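Here are the chains, one letter per residue:
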Amino acid sequence: MIPGPIEFEPDVLQAMSMATTSHVAPDFIEVFGNSLELMREVWKAPKGQPFIVAGTGTLAMDMAITNLIEPADNVLVISSGYFGKRFQDILSRYGANTTILEAPVGEVVPIEDIEKALKNKPYKALTMTHVDTSTGVLIDPKPIAKLAKKYNVLSILDGVCSVAGETLQQEEWGIDVVLTASQKAVGVPPGLALLMASEKAIQVWQNRKTPVCNYYADWSNWLPIMKAYEARKPSYFGTPAVNLVVALETSLKIICNEGIDKRVKRHQKLASAFRKAIAALHLEILPKSNNIAANTLTAVFYPKGIDGTALRSKIASSNVIIAGGLLSEIKNDYFRIGHMGSVSVNDLLAVLGALERALIELEYPIANGESLQVFLQEL
Ligand code: PMP
């Protein structure tokens, strides 16, 4: 129950275990082409250019920045946690001038502050994190993307902890890049960087004046490959992660069969009931209010007087694996529970049961079944 890698569907794992074919075998070309097409459905980006590349979410972030940003470009980084700041690290490496707007822990950057910054200086792009996995804070990318359009600034969204779990309409909202990694709500073991670029993003990349400073991530190498697979033609730049791509097609089909809107609603319903159950235990979540709390994970403060390591180890003894804190300044003050992908009511019942038992053993004053009752009532 950690926020990635998540628990994977048996069909996805089975697809992964097939005999590895050539990356230009006709069957595999079909699978790759299908996966690219299915990505457009999940991202809601019918005119978008999808990329599937072996690597992690950080590679997808790197790919967006290295292709779109040139040295000395101004970029506005909007951060609500650890992963927001990672964009600043990447941008600095490629010689961009960054301005960071950092939300206090558990909060989002106010839209007025974003507009003020955009008014103050001409920016080439802005970056934002849909769900920062370190804080469990969810932002609303729609008004930010609208502002980016108004000021003619490219918008880049880290959707690693949101794509296929949170509401997203890339094209309607006008976001230029939405990127993710396979191991989260997309539901495939770690190893794939997934990215969708808008037509404008591709144009900006085509019109750049300096070469892309990263050989592996350069779209000049990958765009022809993506286009070839979609045209069902063989091609090669770097050997694709064949088995992971087969698993990706299976998972994207599962997602699209459930229906992306229905799937997001399932995440919202489970997350909302889970937060109520957490509140019933008098525990506090990191996000300052429920309307900025992610539906893919919940970050919860340890109650006063309870040792976090002891609590987590007691929960683990009930065979429930949760994650500790990530944000360095409060790392030991909270824990995180992932609830994305194929997560079910039963998974969260198991978490709440293990959490209650652990708390009671540590003499935290709650009655047996308190959160379980609230959770089930809410559902
Ligand atoms: N962004 C967010 C929001 C993440 O949660 C993560 C991974 N937890 C990353 C970026 C980086 O992804 P990866 O670990 O796959 O490189």
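Residues numbered from 1 in each chain as written. Predicted model: local features only at pLDDT ≥ 70, side-chain atom pairs only at ≥ 80, totals over all residues. Heavy atoms only, no water.

Some remarks on the pairing of strand S3 (residues 97–102)
Selection rule: Two strands qualify as a pair provided that DSSP identifies no fewer than 2 bridges between them. Segments assigned H or I by DSSP are reported as helices when at least four residues long, segments assigned E as strands when at least two residues long, and all are numbered from the N terminus. Crossovers are marked right-handed if the path from the first strand over the helix to the second runs clockwise, as seen with the strands pointing away from the viewer.
Where strand S2 (residues 74–79) and S3 come together, six bridges link them in parallel fashion. Directly across from Leu-76, in S3, lies its bridge partner Thr-99. Considered for its hand, the β-α-β crossover made up of S2, helix H4 (residues 82–93) and S3 is right-handed.

Digging into the sheet that holds strand S11 (residues 323–324)
One open sheet accounts for three strands, arranged S10-S12-S11; its pairing is antiparallel. This sheet does not close on itself; its edge strands, each paired only once, are strand S10 (297–301) and S11. As paired strands, S11 and strand S12 (residues 334–338) are joined by two bridges and run antiparallel to one another. For Ala-323, the partnering residue across the bridge sits in S12 and is Arg-336.

Topic: the domain arrangement of the protein
The cut-off we apply is this: Where each domain begins and ends is defined by an automated method or by a domain database. Contacts are assigned to residue pairs with any non-hydrogen atoms lying within 4.5 Å of each other. Buried surface area refers to the total accessible area, computed with a probe of radius 1.4 Å, that the two partners give up upon joining, counted for both partners together. Throughout this description, the term salt bridge denotes a Lys or Arg side-chain nitrogen within 4 Å of a carboxyl oxygen of Asp or Glu. Here a polar contact is taken to be a pair of N or O atoms separated by no more than 3.5 Å, where protein atoms must pair a possible hydrogen donor with a possible acceptor and residues adjacent in sequence count only if both atoms sit in side chains.
Domain boundaries in the protein define domain 1 (10–258) and domain 2 (260–378). Centre-to-centre, using C-alpha coordinates, domain 1 lies 29 Å away from domain 2. Taken together, the contact pairs 27 residues of domain 1 with 26 residues of domain 2. With both chains or domains summed, domain 1 and domain 2 bury close to 2300 Å², and 58% of this area falls on carbon and sulfur atoms. Here domain 1 and domain 2 share three salt bridges between them. Glu-258 is the salt-bridge partner of Arg-263, the closest N and O atoms lying 3.2 Å from each other. Where domain 1 packs against domain 2, one counts 15 residue pairs in polar contact (both at pLDDT 80 or more).

Considerations on the packing of aromatic side chains
Working definition: an aromatic ring pair is given by the centre-to-centre distance plus the angle between the planes. Quick note on the threshold: Only the six-membered ring of Trp is used, alongside the rings of Phe and Tyr, when aromatic pairs are assigned; centres must lie within 6.5 Å, and planes under 30 degrees apart are stacked while those over 60 apart are edge-to-face, with the rest tilted. Type-normalised accessible area, obtained with a 1.4 Å probe on protein chains alone, sets the label of each residue: buried when under 20%, exposed when over 50%, and partly exposed for intermediate values.
Applying the stated criterion to the full structure yields ten aromatic pairs. Taken together, a centroid distance of 4.8 Å and an interplanar angle of 75° make the contact between Tyr-82 and Phe-83 edge-to-face. Among the residues examined, Tyr-82 registers a relative accessible area of 34% and is labelled partly exposed. Ring plane angle 65° and centroid distance 5.7 Å describe the contact between Tyr-215 and Phe-237, whose orientation is recorded as edge-to-face. With Tyr-215 in the loop between helix H8 (199–206) and helix H9 (219–230) and Phe-237 in the loop between H9 and helix H10 (242–258), this residue pair connects regions lying 22 residues apart in the sequence. Among the aromatic residues, ring-to-ring pairing joins Tyr-215, Tyr-216, Trp-222 and Phe-237 into one connected group.

Notes on the site of the ligand
We count it as follows: By convention in these notes, a residue is near a molecule or strand provided one of its non-hydrogen atoms lies within 4 Å of it.
In the region of the ligand, 14 residues are neighbours, and Thr-56, Gly-57, Thr-58, Thr-133 and Asp-158 sit closest. Take Gln-183: an N or O atom from its side chain is 2.9 Å from an oxygen atom of the ligand. Secondary-structure elements contributing two or more residues to the shell around the ligand are helix H3 (57–68) and H4. In terms of residue count, H3 provides more of the shell around the ligand than any other element does, three residues in total.

Comments concerning the side chain of Ser-371
Mapped onto the elements, Ser-371 comes out in helix H14 (residues 370–378). Not counting chain neighbours up to four residues away, the residues in contact with Ser-371 comprise Ala-277, Ala-280, Leu-281, Leu-352 and Glu-356.

Focus on the environment of Leu-362
By the secondary structure assignment, Leu-362 is in the loop between helix H13 (345–361) and H14. Along the sequence, Leu-362 and Gly-106 sit 256 residues apart, while their C-alpha atoms lie 27 Å from each other. Beyond its immediate sequence surroundings of up to four residues, Leu-362 is in contact with Ile-306, Ala-310, Leu-311 and Lys-314.

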